[in-house]
Amino acid sequence: MKYYILIVACCFINIVHSQNCDSRFYGEVHDFHDGSPIIAATIYIETLDKYTTTDIDGKFSIANLCDGKLIVSISHLGCETKRLEIQISGDSFYVINLEHHIEELNEVKVEGKTITKLTKTSQETLLKTDAIERFSAFSLGDALKQVSGVSSINTGNSIVKPVINGLHSSRIIVMTNGVRLQDQEWGIEHAPNIDLNTVGSVNVIKGADALAYGGDAIGGVIVLQPSNVSLKDSLYGKTIISGHTNGRGFSLNSSLTKTYKKGWYVGAQATMKRFGDFETPDYNLTNTGLNSKGFSIKSGYKTFERGFNIYYSYLNNDIAILKSSHIGSIEDLVNAINSQQPLVIEDFSYNIEAPRQDVTHQIIKADFYKRFKKFGRLQVQYDFQNNQRFEYDIRVGDDRDKPAIDLTLKTHTIRTNLKVDSKSDRTYKFGLNVGYQNNFANPETGVRRLIPDYDKYDAGAFAISDFRLSDKTNLNLGFRYDFSRIDAKKFYITSRWEERNYDADFSNIVIDDLGSQLLTNPVFDYHNISASAGIAYKINDNDSFMFNYGLSNRAPNPSELFSDGLHHSAARIELGDLRMKQETSNRISGTYKYNRNALSINLEAFYNQISDYIFIEPTGTELTIRGAFPVWSYNQTNASLLGLDVTANYKFNEHWLLNNKSSFIKGRDLTKKQALIDIPSFKTVNILGYSNKRWLQLNTELQSELVLRQNEFPDNNFDVYIPTTDSEVLLDISSPPPTYHLLHFHNDITLNLSKQTNLNIGLNITNIFNTSYREYLNRLRYFADDLGRNIMLQVKFNY
Amino acid sequence: MNTLKNNLKSTFLILLSTIIFTGCSDDDNPEVVIQEEVITTLTATLVPEGGGTTITFKSLDLDGKDGPNPPVFTVSEDLLANTTYNGSMEILNETESPAEDVTEEIKELDKEHQFFFQATNSIATFTYVDFDGDSNPLGLEFTLTTSATPGSGTITITLRHEPNKSASGVSDGDIANAGGETDVQAIFPITVK
């Protein structure tokens, strides 16, 4: 690796080889990006203890040197210092390129530098490592709830999906380490397969403005980035251990990274979590344990000019689902809703029994980048993801141990990104991506496929430009086009085919008639156009605002198109529709930031109008030979979402802090003129914090979380006939649970064991008063209360 | 660095060809899912004690548990008041041809099955006649005794797979604590005259 020196130089070769001490070392120092001269850079000859600085043209000269080797270091404010070995042979001229405005570069960030936001004109929130580590034992969805405007839709407490401004699942892109996560995110009960411990920082971008990641993120983009690798010879790592009273669980995470000054690095990380049954204030939540194992390894070579990374990650989550949520028919559902208590309550156990999910996600990634002088940076990346999802239902007889759902999703993606940043006042980003995805639904389950086998092909291209119009104004414009084709092979029961009137509209896609079933080959092409425009204006040092407009399309996902039949883990019949059209979102948003003395306020407002918004809602019951089941159908409507997210901070003094995060959102079905289903209710979180660096860096905070009852919801209740009692009973499937208020406590101290090592001890209590509550966006709210008090002790060892 | 670049280039080429290859090779049609224990038909045959017209209750759902068409419940004739009928059950899977007789399987796995009978408006009472290897009721054979006075209501017959036969009341035919999985639930509108 003799190429580590960042020199693009021309040398004057002196043929005379006699010992000469009249030689001159001279040259110019340039900015790598745009080639402009760097003024007042220091040129220091370490071997001779001589130095000079560059002039207004970036030129320098040191005379009276003897021929031979010199060690020179070149430094400048805002640049990373370069150390070079120089061969002097007569008068020698060098052009030295320095990496200027280093703080803007993601790739060579020195540890300790602020992690920057990814956008300048979008509503974006950044969570740093400290804020993430606190959730080491929890899920991504739990950690993201620290961001105002982000809530979650849950299936129990271990399956947590983030909701950004009221939108979730396929409407949110999760990028992990540069890879767009493909883990069957269409399902509400499918949590993102992310081990938070692989993550160094999280950027939450609301709305679809981050076109570089995809055009269909109507809800937003969550960008997870690993911790930065510093360019020095170092070996470091951390271990986080936590123990929890609720669920009697523990979590263990450990990582180790070795870095070399020349740019090489290698690292590994492993996580293990084990929880038993969780509990509410009043009873045990039988069969709610969790067993999670994961590890990742990474290696690569990183310099400013070029580098590559390879990465592999493995994550297996075995998640138990509340036993009482398994219902046999609508009669059980009525009983469950009316009884207000789970039907099965057993003693605590670590056992994970059906119903349960066993999901394994693997990612392989390789990328390569090169920076071109006076031009920009090109990156090429390939990634492969394998997602294996088993869902085990309570089954009987020979099928007992067979999964009811067995899906394997394989995704290959190649993406290239070009960033042209040679001009400091404008940046252009261009990108291309192609992808191939295959879903295989294993017929061995003995259960008709809820999601069919399909191949999906994607291709996308984008162009984004950032302009700095003045010191106060930034402008961003972006455009993106995506093509996607879904080519499925799906069996329909003939009676369902006819009931949905597909025989009239789709008779051409039938490829085989098996009597009671038809094999069809639906092929759908979608063209998605997305665009964004944003402007950020800084009125003065204290006030600034941003305005943004985003247009995006989202193609319907496989469940919205193809779902057909009994979803066993949900005990409901789910029906998709082949006629689904793309959703189109027009979102405008405005942000105002106020920052004066002790007070800072961030107000984020948005209005999102979505044409052909796809949603699932209860539509009645279907009687089968096994009894009646609730039917949930996917429908489309024109919808609007309007909301305001507030983050406010007030520092009383050096130690005391008050923080508020509130979000308000209103979702309307514009066609039916009623509220939308599954819209998060008003939530406000107030934190009173005290910190004192002198008392072992004490941080302590008391958190109050108030969630009001969602009073705006569609009434999808209906009467059901209960044969055993010969009665019609109202099935209250719609009414949201009441308002709740929880108090949480967090406390941590840090002990410095040596210069390089410290020990952080944290004590967290959530739901201090052991309050009983249910959350509207928890699908298991029909069956049981949410979690009671949890005391967690976390020990974090940095070395 | 050049070798590195070349290595990367060839890696990408290999990966690209893998994608193209996997993308084109899989043109086979997916296999039909063979659903185990599909039940389409339940027939209860009721022979009055001391002679008379045999009555049949039939539930037929040819698209089974996943199809949209509801089961059709038919009762061949009104029941007579104050009469005891000797009942027997036949369970079929008519999606196969010839139809598969599921009754045999229930008999073989008798400990894993139980029928439950319920009548509204007290129009009938039921007694188990057959028992499994553990002497718990099964219900393929049963008696139905109609009320002394005429009336109308429904009779619900439920077949549970792996019920908890030792749970309270289950051996007396109370379904409330039975658990397990419902294989068939048939609701017959009945008139006792």
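Computed from a predicted structure; not experimentally measured. (Residues numbered from 1 in each chain as written. Chains lettered and ligands numbered in written order. Predicted model: local features only at pLDDT ≥ 70, side-chain atom pairs only at ≥ 80, totals over all residues. Heavy atoms only, no water.)

On to the overall build of chain B. Along its length, chain B carries two helices and 10 strands. Contacts in chain B between residues at least 24 apart in sequence constitute 63% of all its contacts with a sequence separation of at least 6. (Helix = DSSP H or I, 4+ residues; strand = E, 2+ residues; numbered from the N terminus. Contact = heavy atoms within 4.5 Å.)

Among the structural elements, His746 of chain A can be located in strand E41 (residues 740-752). Setting aside its immediate chain neighbours within four residues, His746 of chain A contacts Arg134, Asn699, Thr700, Glu701, Leu763 and Asn764 of chain A.

Trp497, Phe524, Phe562, Leu578, Leu641, Leu731 and Phe783 of chain A are the most contacted members of the largest nonpolar core, which has 73 residues in total. In terms of residues, this core owes the most to one element, strand E33 (residues 599-624) of chain A, which gives six residues. Not counting chain neighbours up to four residues away, the residues in contact with Phe562 of chain A comprise Leu450, Pro452, Ile486, Ala488, Lys490, Tyr492, Pro522, Phe524 and Leu578 of chain A. Counting residues in hydrophobic clusters, the runner-up holds 38 residues, among them Tyr85, Phe142, Val170 and Val192 of chain B. (Core = buried A, V, L, I, M, F, W, Y, C linked by side-chain atoms within 4.5 Å. Buried < 20%, exposed > 50% of the residue type's maximum accessible area, 1.4 Å probe, protein only.)

Residue and element names in this part refer to chain A. Sheet topology note: the strand E34 (residues 627-651)/strand E35 (residues 656-669) ladder contains 13 bridges and is antiparallel. Bridge pairing in E35 places Gly643 opposite Ile665. Between the antiparallel neighbours E34 and E35 lie four residues. Two strands pair when backbone bridges link them, and E35 and strand E37 (residues 683-692) are joined in this way by eight bridges, in the antiparallel orientation. Each bridged residue has a counterpart across the sheet, and for Asn660 the counterpart in E37 is Asn686. (Pairing = 2+ DSSP bridges.)

All names here are of chain A. Reading across the sheet, the four strands line up as E3-E2-E5-E6 and stay open at both edges, with antiparallel pairing between neighbours. The sheet is open, and its two borders are formed by strand E3 (50-53) and strand E6 (82-88), each paired with just one other strand. In this sheet, adjacent strand axes meet at a mean angle of 25 degrees when their direction is disregarded. Alignment of strand E5 (residues 68-75) against E6, held across seven bridges, turns out to be antiparallel. Pairing of Ile71 across the sheet is with Glu85, part of E6. (Axes fitted to C-alpha atoms, helices over the stretch in contact; angles between N-to-C directions.)

Another point: the interface of chain B and chain A. Contact residues are listed per partner, giving 49 residues for chain B and 51 residues for chain A. Between chain B and chain A, roughly 4600 Å² of surface is buried when both sides are summed, and carbon and sulfur atoms account for 62% of that area. On the surface where chain B and chain A come into contact, there are two salt bridges. For Glu162 of chain B, the salt bridge goes to Arg400 of chain A, with nearest N and O atoms at 2.5 Å. With nine residues, helix H1 (residues 2-25) of chain B is the largest single contributor of residues to the side of chain B that touches chain A. In terms of residue class, the side of chain B that touches chain A is made up of 18 nonpolar, 17 polar and 14 charged. (Buried area = accessible area lost by both parts, 1.4 Å probe. Salt bridge = Lys/Arg side-chain N within 4 Å of Asp/Glu carboxyl O. Nonpolar A, V, L, I, M, F, W, Y, C, P; charged D, E, K, R; others polar.)

Residues and elements named next belong to chain B. Read across the sheet, three strands follow the order E6-E9-E10 without closing on themselves; strand pairing throughout is antiparallel. The sheet is open, and its two edges are formed by strand E6 (113-119) and strand E10 (181-192), each paired on a single side. The mean angle between the axes of side-by-side strands here comes to 15 degrees, regardless of whether they run parallel or antiparallel. The pairing of E6 with strand E9 (residues 151-161) spans seven bridges and is antiparallel. When the sheet's bridge partners are listed, Phe115 is paired in E9 with Leu159.

Mapped onto the elements, Asp398 of chain A comes out in the loop between strand E21 (376-392) and strand E22 (405-420). Between the C-alpha atom of Asp398 of chain A and that of Leu181 of chain A, which follows or precedes it by 217 residues, the distance is 35 Å.

The next subject is the side chain of Glu124 of chain A. All names here are of chain A. In this structure, Glu124 sits in strand E8 (residues 124-127). Despite its burial, Glu124 pairs with no opposite charge, the nearest such side chain being Lys117 at 6.1 Å. Reaching out from Glu124, the side chain makes a polar contact with the backbone nitrogen of Leu118 at a distance of 2.8 Å. Aside from chain neighbours lying at most four places away, what touches Glu124 is Lys117, Leu118, Thr119, Asn203, Val204, Ile205 and Glu604. (Lys, Arg positive; Asp, Glu negative; His and termini not counted. Polar contact = N/O pair within 3.5 Å; in protein donor to acceptor, adjacent residues only side chain to side chain.)

Turning our attention to the pairing of strand E7 (residues 92-98) of chain A. Summarising burial for E7 of chain A: seven of the seven residues are buried, a large majority. A two-sided burial pattern is seen for E7 of chain A, the buried positions comprising Ser92, Tyr94, Ile96 and Leu98 of chain A on one face and Phe93, Val95 and Asn97 of chain A on the other.

This part takes up unusual backbone geometry. The linkage connecting Ala354 of chain A with the following residue, Pro355 of chain A, adopts the cis geometry, with an omega of -5 degrees. A cis geometry characterises the amide bond from Ser97 of chain B onward to Pro98 of chain B, with omega recorded as 0 degrees. Relative to the helices and strands, Pro98 of chain B is located in the loop between strand E4 (84-93) and strand E5 (100-101). A positive phi angle, close to 60 degrees, is found at Gln340 of chain A, a residue other than glycine. Tracing the sequence through the fold places Gln340 of chain A in the loop between helix H3 (330-339) and strand E20 (356-372). Of the residues examined, Gln340 of chain A reaches a relative accessible area of 49% and is grouped as partly exposed.

Another point: H3 of chain A. All of the buried residues in H3 of chain A are Ile330, Glu331, Leu333, Val334, Ala336 and Ile337 of chain A. Where H3 of chain A is buried, its residues meet E33, E34, strand E39 (718-722) and strand E40 (727-731) of chain A together with E10 of chain B. A positive backbone phi angle near 60 degrees is found at Gln340 of chain A, which sits one or two residues after H3 of chain A.

Attention now moves to the confidence of the model for chain A. The predicted model of chain A has a mean per-residue pLDDT of 90, with 95% of residues at 70 or higher. Within chain A, no element has a lower average pLDDT than E6 of chain A, which sits at 82, and none a higher one than E35 of chain A, at 97. (pLDDT = per-residue confidence, 0-100.)

With that settled, consider the pattern of salt bridges. All names here are of chain A. Counted under the stated rule, the structure contains 43 salt bridges over all chains. Glu583 is the partner of Arg554 in a salt bridge, and the nearest nitrogen-oxygen pair spans 2.9 Å. Of this pair, Arg554 sits in strand E29 (residues 543-554) while Glu583 is found in strand E32 (residues 583-596), placing the two residues 29 residues apart along the sequence. Neither Arg554 nor Glu583 differs from the other in exposure class; each is buried. A salt bridge links Lys581 to Asp612; its shortest N-O distance comes to 3.8 Å. A residue pair is termed long-range when its members are at least 10 positions apart, and Lys581 in the loop between strand E31 (572-575) and E32 and Asp612 in strand E33 qualify at 31 residues. Put simply, Arg448, Lys490, Arg496, Glu499, Arg500, Asp564 and Glu622 are held in one network by salt bridges that share partners.

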